[in-house]
Amino acid sequence: MKNRVPNRDFVGARVIDPTLGLDAIRTIAVRNGVIAAIIDGAPAEPDLDAERVDCAGMVLCPGFIDPHVHLRHPGDPQKETLESGLAAAAAGGFTAVAAMPNTRPPIDRASAVSQLIRAAEAIGGVRCYPIGSVTIARAGDSMAALRGMAKAGAVAFSDDGATTASLKALYHAARLIADLPQPFLSHCDDPAFEGALMNEGAISDLLGVAGAPNLAEAAIAARDLLVARVTGKRWHLCHVSARETIDVLRWARSTGVDASGEATPHHVRCTDDQLLGFDASMRVNPPLRSATDVRALKAAVVDGTIDIFASDHAPHAPDDKEPPLSHACVGFSGLETAVAAMFDTFRDLPIATLVANFSTNVARLLGVEGGTLAPGSPADITGLHLERQWTVDPAAFLSKGRATAFSGQAFDVKPAMSVVGGAIVYAVDRSGRPLQGPNAARRAVKA
Ligand code: DOR
Ligand code: ZN
């Protein structure tokens, strides 16, 4: 039997919920792990047994859900474990994550989906939703047992880490499960460009290294959204990086395709000239693009063409990110910086829009609960400190990965609390110290 989560009143926070049109000081009353009421002032019928959690100075919003993380379980505990990855998620302000299937072995069958769910539940804390691979062993040619994985709890399908090479396999997969709600999440990168070290353009020409151009992404995005169009399958483009991909997404939507796209913090903040010194740690797929692409991507977030944020948390062991560029693994540990980086980049957008991009729109994409504080919903809540200066120090990450695109950068928004089903899985005060006392959840807190 699971321990019952204490009833709690989260008092005095600025509560922002785009689904309720709410931005005001409120108390969130949580009973039996569910949001019972959002109250202006004190509860009418105070529950004397309920713990009072003082949230003055905090913003509370629907729990953030990261639709794109690599937890390296099973197979690569030197890069990340479920424990370290879920702790990093909690510290980063996430109450749920969707885990990509490029593990060893890959999540390509129902038993693997069930095992991941069981392993994450045994740890507790942040919810972990498996994404099943589209093809067997993620090899790109034969469709995996998608219905079985869906039944076992897969929330989406993707061969992320690589494009599903065979159009035939992708088309048949989408057509044969068009009736299921699980979306396809495309990693768009034409396999013909395998071996690329960075974006192909003026900087790669100067350095004399092989690159993958915008076209390698946009052409696959067009292919995949055509599959969406002919099959009617819900589709999502992972880590959009090229301006032409945004054009493709706009075109697909204009023809009625049910498609979305995600932006990552590194693609909206970094450019390929950061590799001018052959910096191996900045290698990522898709690669960092030009300043023109970054401008287009930011504009697409501002106009709502892209309305989902993802960290693409891709932790690696320190040695994996060492020079030379040609041998470095791709990706960054992103869970603990994503919220700060996106709030900083899009400081001119309403906070409610950022909350929707981190929470409501992701819940809708994946068909999972959460994304709202409406009474009756599970009490998944993200707490933030605004105007809280801090500097990224990868040595302090709970993730085992230390590679980040943002080392030493100063931000002014910091996750303060993560509540999952009413349980406080992470909580710190304004100076970053773990909250003490009965409300402190120590599992995900390093101290
Ligand atoms: O940079 C990346 N890292 N992009 C991917 O698509 C995969 C990921 C990883 O698994 O390391
Ligand atoms: Zn990817």
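Residues numbered from 1 in each chain as written. Chains lettered and ligands numbered in written order. Predicted model: local features only at pLDDT ≥ 70, side-chain atom pairs only at ≥ 80, totals over all residues. Heavy atoms only, no water.

1. Side note on the overall build of the protein chain
Stage number 1. Within the protein chain one finds 11 helices and 18 strands.
Stage number 2. Here the C-alpha radius of gyration of the protein chain, 21 Å, is about what a compact globule of 447 residues would show, namely 22 Å.
Stage number 3. Burial status across the protein chain gives 60% buried among its 447 residues.
Stage number 4. Long-range pairs, those at least 24 residues apart, make up 74% of the contacts in the protein chain with a sequence separation of at least 6.
Stage number 5. If you sum the accessible surface of the protein chain, you get close to 17,000 Å²; carbon and sulfur atoms cover 53% of it.
Stage number 6. The positive charge centre, built from 42 side chains, and the negative charge centre, built from 49, are 4 Å apart in the protein chain. (Helix = DSSP H or I, 4+ residues; strand = E, 2+ residues; numbered from the N terminus. Rg over C-alpha atoms; globule rule 2.2 N^0.38 Å. Buried < 20%, exposed > 50% of the residue type's maximum accessible area, 1.4 Å probe, protein only. Contact = heavy atoms within 4.5 Å. Areas by Shrake-Rupley, 256 points an atom, 1.4 Å probe, with all protein chains shown as cover. Lys, Arg positive; Asp, Glu negative; His and termini not counted. Charge placed at Lys NZ, Arg CZ, Asp CG, Glu CD.)

2. Quick notes on the packing of helix α10 (residues 338-345) against helix α11 (residues 351-366)
Stage number 1. Remark: α10 packs on α11, axes separated minimally by 11 Å, with the N-to-C direction vectors making an angle of 140°. With respect to α11, the axis of α10 lies oblique. Crossing geometry of α10 relative to α11 is assigned as right-handed. Between α10 and α11, the contacting residues are A338, V339, M342 and F343 on the first element and I351, L354 and F358 on the second.
Stage number 2. Taken together, the residues of the contact of α10 with α11 break down into 7 nonpolar, no polar and no charged. (Axes fitted to C-alpha atoms, helices over the stretch in contact; angles between N-to-C directions. Parallel < 35°, antiparallel > 145°, perpendicular 65-115°, else oblique. Left-handed = near helix turned anticlockwise from the far one by under 90°. Nonpolar A, V, L, I, M, F, W, Y, C, P; charged D, E, K, R; others polar.)

3. Observations regarding the nonpolar core
Side chains that are nonpolar tend, in soluble globular proteins, to be buried together.
Stage number 1. Counting 78 residues, the largest nonpolar core has F64, V97, F184, L225, W235 and I306 as the members making the most contacts within it.
Stage number 2. Looking at this core element by element, the count peaks at 7 residues for helix α1 (residues 82-91).
Stage number 3. With 20 residues, the next largest nonpolar core counts M198, M282, A341 and F397 among its residues. (Core = buried A, V, L, I, M, F, W, Y, C linked by side-chain atoms within 4.5 Å.)

4. Focus on empty space enclosed by the protein
Empty space among the atoms becomes apparent when a probe as large as a water molecule is rolled across them.
Stage number 1. Counted by the stated rule, this structure contains 4 cavities of 30 Å³ or more.
Stage number 2. Quantified by volume, the largest cavity comes out at close to 80 Å³.
Stage number 3. Ranked by residue count, the leading element in the lining of the largest cavity is strand β10 (residues 184-186), at 3 residues.
Stage number 4. A per-class count over the lining of the largest cavity returns 6 nonpolar, 5 polar and 3 charged.
Stage number 5. The computed volume of the second largest cavity comes to approximately 50 Å³.
Stage number 6. Lining the second largest cavity, in full, are P265, H266, S311, F332, S333, G334, T337, T404, A405 and F406.
Stage number 7. A class-by-class count of the residues in the lining of the second largest cavity yields 4 nonpolar, 6 polar and no charged. (1 Å grid on protein atoms, 1.4 Å probe; cavity = no way out; pocket = protein on both sides within 12 Å on 5 of 7 lines; lining within 4 Å. Points joined across faces, edges and corners; volume = space filled by probe spheres on them.)

5. Section: α11
Stage number 1. Taking 1.5 Å as the rise per residue, α11 with 16 residues should run 22 Å; its terminal C-alpha atoms sit 22 Å apart, in good agreement.
Stage number 2. Of all the bends in α11, the largest measures some 45° and sits at N357.
Stage number 3. With respect to burial, α11 is a largely interior element, 12 of its 16 residues being buried.
Stage number 4. Among all positions of α11, only L354, V355, A356, N357, F358, S359, T360, N361, V362, A363, L365 and L366 are buried. (Expected span 1.5 Å × (residues − 1). Bend = angle between axes of the 7 residues up to and from the residue.)

6. Points about the site of ligand 1
Stage number 1. Around ligand 1, the surrounding shell holds 14 residues, and the nearest of these are R72, N102, H187, N285 and V330.
Stage number 2. In the model, an oxygen atom of ligand 1 is placed 3.2 Å from a nitrogen or oxygen of the H187 side chain.
Stage number 3. A distance of 3.2 Å separates an oxygen atom of ligand 1 from a polar side-chain atom of H316.
Stage number 4. Notes on ligand 1: free accessible area 290 Å², of which the protein chains cover 95%. (Near = heavy atom within 4 Å. Polar contact = N/O pair within 3.5 Å; in protein donor to acceptor, adjacent residues only side chain to side chain.)

Shape descriptors only; they carry no functional weight alone.
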